[in-house]
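# Notes for the structure review
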Amino acid sequence: MDFLKSGLKTVLGAPEPGQQPTGAETVERLVERVNSSTLLDDRRDACRALKALSRKYRIEVGAQGMSALIQVLQMDRADCEIISYALDTLCQIVTPEQFDEEADNPTVSVNVGEQFTEMFLKNSENVTLVLGYLEEYDFRVRWSAIKLLTTLLANKTKDIQEIVLVSPMAVSKLMDLLIDSREVIRNDALLLLIQLTKGNANIQKIVAFENAFDRLFDVVRDEGCSDGGIIVEDCLILMLNLLKNNSSNQQFFKEGSYIQRLAPMFTIAPETEENGWTPQKVSNMHCMLQVVRALVSPSNQLQIISSCQKTMRTCGLLEALCNMLMGSGVPADILTETINTVGEVIRGDLSNQEYLSTVMAPSNPPRPAIVVLLMSMVNEKQPLSLRCAVLYCFQCFQYRNEVGQASLVQTLLPSSSEVSSLTAGQLLCGGLFSTDSLANWLSAVALMHALIENPAQKEQLLRVLLATSVGSPPVSLLQQCTTLLQQSNYKLQSKVGILMLLSTWLSHCQVCVKAFLSTPSSVAYLIAQVSANEHDENEYLIQGLCSFLMGICIQFNDNSLQNNKREDLCQLIVKRIGLEMFTAKLGDVSKHEAYSRAAKQPQIRAKSASELLLDYEFCKLFKALESVITKTVNGYDVNGPNLTELTLSSEASDLVSQYKDIIREQDNKMNDMKQKIAALEVQNETIQRQLTDALTANSQLTDQNILLKAQLTAAAGAGAAAASASAEPEPANPTTSEPHVALNTQISFYQSENARLLEEIEALKISLHDKSRNSSSVVEEFEHLKKDQEDLLELLTDQEKKILKYKQILQNLGENVDTEDELDDEDFMERRETTSTSLTSTDDHPRSES
Amino acid sequence: MSYAYLFKYIIIGDTGVGKSCLLLQFTDKRFQPVHDLTIGVEFGARMITIDGKQIKLQIWDTAGQEAFRSITRSYYRGAAGALLVYDITRRETFNHLTTWLEDARQHSNSNMVIMLIGNKSDLDSRREVKKEEGEAFAREHGLVFMETSARTAANVEEAFINTAKEIYEKIQEGVFDINNEANGIKIGQQHSPTNPSLPGAGNQGGSTSSGCC
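- By the naming in an unreviewed UniProt entry, chain B is Ras-related protein Rab-2A, taken from Hermetia illucens.
- Taken directly from UniProt, the Sequence similarities (unreviewed entry) text for chain B runs: "Belongs to the small GTPase superfamily. Rab family."

- In the nomenclature of an unreviewed UniProt entry, chain A is known as General vesicular transport factor p115 of Hermetia illucens.
- If you open the UniProt record of chain A and go to Sequence similarities (unreviewed entry), you find "Belongs to the VDP/USO1/EDE1 family."

Given below as structure tokens:
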């Protein structure tokens, strides 16, 4: 402190004795100095003092000094020391934490750091300036710049990300920091990049483009892979940031052969097995598993998942994971995560699934890994998360794996050769009847996954017989499930499991429905449950599931069982429950919170065992069938059987939809033709109008012609009379020569007039000829159009006939043809008739005229 | 899969000229007539052989829209090759080439090989830019030129492979500093150090493989 005071003294000069300046005043004077001093040394000293004061007088320094500090960053580039002071001071001002020094200062609010960050970000150039200092090799500057950027990012992640994206080379500069030989720089740069890549796909891609994976793997390798320190974990977290939900980077990771670099890191050294795992190793391994899962997560693009899965098998990563699964000394939470990871690596990939089925546990006697896993699933003493993970892994194993599904059911079927060893099927059946309700649920769901989209196994499972007690005859699994449902000591969770199993089992399988309905008291139990009036959220769920099962029994009923035909069951619902109530109860399933929880993702997540009620695949089935069942049941009429589309067999409904398509197509064609006819009518009208116009013009011209002819003859007569009159009196009376000359001129006038008129007539004749030719061509065109129209009409009648035929076929098929269609047709026929009559009437018109 | 060299490419050019389709045709050998706008940048990869050497191409297909321009600029520096694409049926995409080229030259390393591509050559009836114009532009700016069709796959392979050849030749000539990864070139494990002063090997391979173009 003494040093600081003396420093202050040198900067500010000795204070007047007895007059201690306040903090604000001191800061003001220092800022003034930074701003105006011409000597670099003075400015540097002032900056150093500001840095020291910024912890205690953060608000004063921030409010007054920020612009001065930014100015330093702009002007004093050359002096590393002053730059590092300025950067450090800014970092202190914007930091979100509260300093000890300002704890007793009431004016410092909680988010003062954030407010100063906002101020700093007002001009994005400021950030670019700081980014620029990353290139400065000097340790103090580079490190301070990293720290400042990290703090700014923590406060305003989005804003900084946007600025970084638009500053050219910003990411390159950041990436270069990863190869800085000074570990502090490299490590802090890692933290900065982790912050920067959070939730911004574009930055993630650029970082990956700048060889991030190479550099990160290099760092991981240099630090000792999974045995390394927290830096390894940081690298893996950054990798995870780059890969999660970023398909482009996932593709790049796969194509860049980075999976191959990941694989050897999962090999556990023998000494680790003996010495146990350090907490850091547990964290590192956890992150590594997350990286693997980010590549094959079920929410990724399918082609990326499958190509990554293939690579993971071929490069030995799957093998390494399975070794970890079967190895000893692996901590429980890592084991759980490994099981989840193995699940996602094999999910839907037949070769990987096959690989897992061949993995043997190093137990005595050796057992398949799957059996060992299932053993821990049905074991009450195992932790919940582990049991859930096993179920998830087992589901992934069954997912789109007909071979795996078949081999599981096979272990339950009575076989000729006695199997002494424990099988998966036996374990699951044991789990189904255990006293641990979670084991019941897990086993029911596991068994259910062996049936998904596999009709053959649904039928096979009907053959499974159980020996319940010595001496009594064996009962079928289906029967036993029904019995279990009715046992009062069988817990709710277990019942939910059994109901999901039954629903999946019976759906899309008429044989299974028949077997279920033949089981004594099955229908009675369902009806009793659905009509029950218990008011409890979980009871609602049971009732809903029972209505769903009831609906499945109706939907996939082949009507071969007396008293349990489709309409019998519908009748039962109408009379005993009521349609409204039935639909409402069905709807309760999807309203339950367990439904939305389960439908979110395939992985099973639960904080407590009681949360486990519904399963992801079951939710999918429910979603697909709920509306269908509602329609079927509501479509059933009390007054008698009503054949609706939904009750038709699939072939019949296919046929119906085919015909519907044909009808729709023809309807479209018909509409097209109607439009064409209308267009032609319009065309016809205009042509007729043109024709009448031409005809009137023609007659006018003829009239004119006649008039002119008359005028001409009149003029010729007058001219002749005048000529004879003038010829006679000429010799007799020469005195009349005056009028004679006048007459002569008149005659010549008339003659010329005559010639002109003749010419005019000639021209008119030509034009008349043209006009008449025109009109005849118009008539011809009209004739042509009329013919077209008749053709179209013929086509229409054909279509109509076809429609009638199809209708006939449809009726033969038992489909109630909509009366609307008929009405439409009649309507159309009428319209067609009127149009044709009007057409013929307009037809006659021009013909008579011409 | 091991490789001798790895080249980073970028594809640039106006929106809708068919950049993503070119990439899809090259990596998956298929054409997708309806494609969404590329958002930011997408990645694709393929292995090719030049001069008997396996070469891995990592290709970043950028968004052509102006809004993404600042993002796509970040990819220029680290790329060894760029395909600059225009659409022969839209004159304006050709007119914008100068801007693209300036941008690329400003932000990339000076050795980046740029290939000018006139895409959609299958739509000859709607052509607005003559082939000669493309050739002239390429000559003027020192680019390699080619007309392609992502629909019929005509010249698509050649466009990517010829660019790689050009880069490969530059490496042989020692123009590229292959140890600097910022140039967009990486040496793989498979690489057996051939002596670049032996021009016979390089030339021979170059002439045999150039038969396909």
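### Comments concerning the overall build of chain B
- Helix and strand counts for chain B come out as seven helices and seven strands.
- Tracing chain B from N to C terminus, the helices and strands come up as β-α-β-β-α-β-α-α-β-α-β-α-β-α.
- Long-range contacts, defined as pairs at least 24 residues apart, comprise 76% of the intrachain contacts of chain B with a sequence gap of at least 6.
- As displayed, chain B has an accessible area near 9200 Å², and 49% of this comes from carbon and sulfur atoms.

### Brief notes about the pattern of salt bridges
- Evaluation of the coordinates by the stated rule reveals 46 salt bridges over all chains.
- A salt bridge links D218(A) to R221(A), with the nearest nitrogen and oxygen atoms 3.5 Å apart. Remark: R221(A) and D218(A) occur in helix α13 (residues 212-222); sequence separation between them is three residues, near one turn of the helix.
- Take R221(A): its relative accessible area is 47%, and that puts it in the partly exposed class.
- With a shortest N-O distance of 2.5 Å, E157(B) and R46(B) are connected by a salt bridge. With E157(B) in helix α6 (residues 156-173) and R46(B) in strand β2 (residues 41-50), the pair connects residues that are 111 residues apart, well separated along the chain.
- Residue classification places R46(B) among the buried positions, given a relative accessible area of 18%.

### Here's the deal with the packing of aromatic side chains
- Under the criterion given, the structure shown has 26 aromatic pairs over all chains.
- On the basis of an interplanar angle of 65° and a centroid distance of 5.1 Å, the ring pair of F252(A) and W60(B) is categorised as edge-to-face. Taken together, the residues span two chains, with F252(A) in helix α15 (residues 247-255) and W60(B) in strand β3 (residues 53-62). For the pair formed by F252(A) and W60(B), the shared burial category is buried.
- Taken together, the aromatic side chains of F209(A), F213(A), F217(A), F252(A), F253(A), Y258(A), F43(B), W60(B) and Y75(B) make up a single cluster linked through ring pairs.
- Residue placement shows K147(A) over the ring face of W143(A); its charged tip is 3.9 Å from the ring centre.
- Lying across the ring of W100(B), R69(B) places its NZ or CZ 3.8 Å from the centre.

### Considerations on the interface of chain A and chain B
- Contact with chain A, which involves 20 residues of that partner, is made by 21 residues of chain B.
- Both sides of the chain A and chain B interface together cover about 2000 Å² of buried area, and 48% of this is carbon and sulfur.
- At the junction of chain A and chain B, the tally comes to four salt bridges.
- For K56(B), the salt bridge identified is with E255(A), shortest N-O distance 3.3 Å.
- Remark: the boundary between chain A and chain B carries nine residue pairs in polar contact (both at pLDDT 80 or more).
- Mapped onto the side of chain A that touches chain B, the elements with two or more residues apiece are α9 (157-166), α10 (170-176), α12 (201-209) and α15 of chain A.
- A breakdown of the residues in the side of chain A that touches chain B according to their chemical character gives eight nonpolar, seven polar and five charged.

### Topic: the pairing of β3(B)
Residue and element names in this part refer to chain B.
- The element β3 is extensively covered by neighbouring structure, given that nine of its ten residues are classed as buried.
- For strand β1 (residues 5-13) and β3, the ladder comprises seven bridges, and the chain directions are parallel. Bridged to Y5 within β3 is I55.
- Between the end of β2 and the start of β3, which pair antiparallel, lie two residues, with D51 showing a positive phi angle near 55°.

### Quick look at the nonpolar core
- Formed by 247 residues in total, the largest nonpolar core has its most connected members in F253(A), F266(A), L477(A) and L614(A).
- Ranked by size, the runner-up nonpolar core spans 33 residues in total, among them Y9(B), A80(B), L83(B) and Y168(B).

### Focus: the pairing of strand β4 (residues 81-87) of chain B
Residues and elements named next belong to chain B.
- Burial analysis of β4 places seven of its seven residues in the buried class, the great majority of the element.
- Of the two faces of β4, the one lined by G81, L83, V85 and D87 and the one lined by A82, L84 and Y86 are each fully buried.
- As judged from the five bridges shared by β1 and β4, these two strands associate in the parallel manner. Bridge assignment links Y9 to a residue of β4, and that residue is G81.
- The pairing of β4 with strand β5 (residues 113-119) spans seven bridges and is classified as parallel. If you follow V85 over to β5, its bridge partner there is I117.

### Considering unusual backbone geometry
- A cis geometry characterises the amide bond from N364(A) onward to P365(A), with omega recorded as -5°.
- Among the secondary structure elements, P365(A) is positioned in the loop between β1 (360-361) and β2 (367-368).
- One non-glycine residue, C225(A), lies in positive phi territory at about 50°.
- Here C225(A) is to be found in the loop between α13 and α14 (230-243).
- Backbone geometry at A153(B) places phi at a positive 70°, although glycine is not the residue there.

### Notes on the side chain of K173(A)
Residues and elements named next belong to chain A.
- Take K173: it is sitting in helix α10.
- For the buried residue K173, which engages in no salt bridge, the nearest side chain bearing the opposite charge is E135, 4.0 Å off.
- With sequence-adjacent residues up to four places away left out, K173 is seen in contact with L131, G132, E135 and P168.

### A short note on helix α34 (residues 566-577) of chain A
Residues and elements named next belong to chain A.
- Between its terminal C-alpha atoms α34 stretches 16 Å, which fits the 16 Å expected from twelve residues at 1.5 Å a residue.
- Within α34, the full set of buried residues consists of R566, L569, C570, I573 and I577. Along the axis of α34, the buried residues cluster in a sector spanning 100°; they form a single face. Among the exposed residues of α34, those pointing more than 90 degrees away from its buried face are K575 and R576.
- Once α34 finishes, G578 follows within two positions and takes phi at roughly 95°, a positive value.

Each value, and the rule that gives it
- In this numbering scheme, every chain counts its residues from 1 along its sequence in written order.
- Key to labels: chains lettered from A, ligands numbered from 1, both in the order written.
- With pLDDT at 70 or above as the cut-off, local features in this predicted model cover only qualifying residues; side-chain atom pairs require 80 or more to be listed or tallied, and sums for whole chains, interfaces and linings still use all residues.
- Side-chain calculation: all heavy atoms of the structure are included, whereas hydrogens and water are not.
- UniProt positions are given in the numbering used here, feature names are shortened, and annotations may be inferred rather than shown by experiment.
- Per the convention used, a helix needs a DSSP run of H or I reaching at least four residues, while a strand needs a run of E reaching at least two, with both numbered from the N terminus.
- In what follows, residue pairs with any heavy atoms lying within 4.5 Å of each other are defined as contacts.
- To be clear on the numbers: accessible area is Shrake-Rupley with a 1.4 Å probe, and residue cover counts the displayed protein chains and nothing else.
- Salt bridges are counted wherever a side-chain nitrogen of Lys or Arg sits within 4 Å of a carboxyl oxygen of Asp or Glu.
- Type-normalised accessible area, obtained with a 1.4 Å probe on protein chains alone, sets the label of each residue: buried when under 20%, exposed when over 50%, and partly exposed for intermediate values.
- Any two of the Phe, Tyr and Trp rings considered here, Trp counted by its six-membered ring, make a pair once their centres fall within 6.5 Å; the pair's planes then place it as stacked at under 30 degrees, edge-to-face at over 60, or tilted in between.
- Should the NZ of a Lys or the CZ of an Arg lie within 6 Å of a ring centre and within 35 degrees of the ring normal, that charge is described as sitting over the ring.
- Two parts lose some accessible area (1.4 Å probe) when they are put together, and adding that loss for both gives the buried area.
- N or O atoms within 3.5 Å of each other form a polar contact, as long as, within protein, one can give a hydrogen and the other can take it, and as long as residues adjacent in sequence are counted only when both atoms are side-chain atoms.
- Each residue is assigned to one of three groups, with Ala, Val, Leu, Ile, Met, Phe, Trp, Tyr, Cys and Pro labelled nonpolar, Asp, Glu, Lys and Arg labelled charged, and all others, Gly among them, labelled polar.
- Two strands qualify as a pair provided that DSSP identifies no fewer than 2 bridges between them.
- Nonpolar core, defined: a set of buried Ala, Val, Leu, Ile, Met, Phe, Trp, Tyr and Cys residues in which side-chain atoms within 4.5 Å join the residues together.
- Only four residue types enter the tally: Lys and Arg on the positive side, Asp and Glu on the negative side, with His and both chain ends excluded.
- An expected span of 1.5 Å times one less than the residue number is assigned to each helix.
- Here the arc refers to the directions that run from the helix axis out to each C-beta atom.

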